[in-house]
Amino acid sequence: MKPIDFRTATWESIQKRLAGLRLEVHQALELYGPCTTRQLAAASGIDILSVRPRVTELVEMGYAECTGGKGNEGTYAARSEYCARMYFQQRQGREQDPQMQLSI
């Protein structure tokens, strides 16, 4: 999966990407999170090799966030649809504003 280009993305295109295993991992994160990917895999029964990349994708999409961590493991929490949309709109605004691009 390529990183999201927020300059050209639409909210609908982001929503469509939340399907299949991504949706399953997001739902598990809503149910069992905040937690590490290892804890999420154990609680949900989804293989760790499927959980980790899907959590990374969810973070890139704005449907999850890293809320901290200990050692080499991050703790992740699901974002609601509303919060994910607000995140998307903020990122899109920054990507489209040339002044904000200079300050990042």
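Up top you'll find the structure we're talking about.
In short, a report on the structure. Every value quoted in this text rests on a predicted model; they were computed, and no experiment measured them.

### Some details on the pairing of strand β1 (residues 64-70)
Judged from the six bridges that link them, β1 and strand β2 (residues 73-78) form a sheet pairing that is antiparallel. Bridge pairing in β2 places G68 opposite T75. Where β1 folds back on β2, the antiparallel hairpin that results is connected by two residues, among which G71 adopts a positive phi of roughly 65°.

### Section: the pattern of salt bridges
As enumerated under the stated definition, the model contains four salt bridges in all. Measuring nitrogen to oxygen at the nearest pair gives 3.1 Å for the salt bridge that ties E73 to R38. In this pair, E73 is assigned in strand β2 and R38 in helix α3 (residues 37-44), connecting sequence segments 35 residues apart. Residue E73 is classed as partly exposed on the basis of its relative accessible area, which comes to 29%. Of the charged contacts, one joins R54 and E57 as a salt bridge, the two residues approaching to 3.0 Å between their closest N and O atoms. Residue R54 and its partner E57 are located together in helix α4 (residues 48-61), separated by three residues, close to a single helical turn. Side by side, R54 and E57 carry an identical accessibility label, which is buried. Each member of the salt-bridge network shares a partner with another, and the members are R22, R54 and E57.

Quick notes on the rules
Residues numbered from 1 in each chain as written. Predicted model: local features only at pLDDT ≥ 70, side-chain atom pairs only at ≥ 80, totals over all residues. Heavy atoms only, no water. Pairing = 2+ DSSP bridges. Helix = DSSP H or I, 4+ residues; strand = E, 2+ residues; numbered from the N terminus. Salt bridge = Lys/Arg side-chain N within 4 Å of Asp/Glu carboxyl O. Buried < 20%, exposed > 50% of the residue type's maximum accessible area, 1.4 Å probe, protein only.

These figures capture arrangement, not role.
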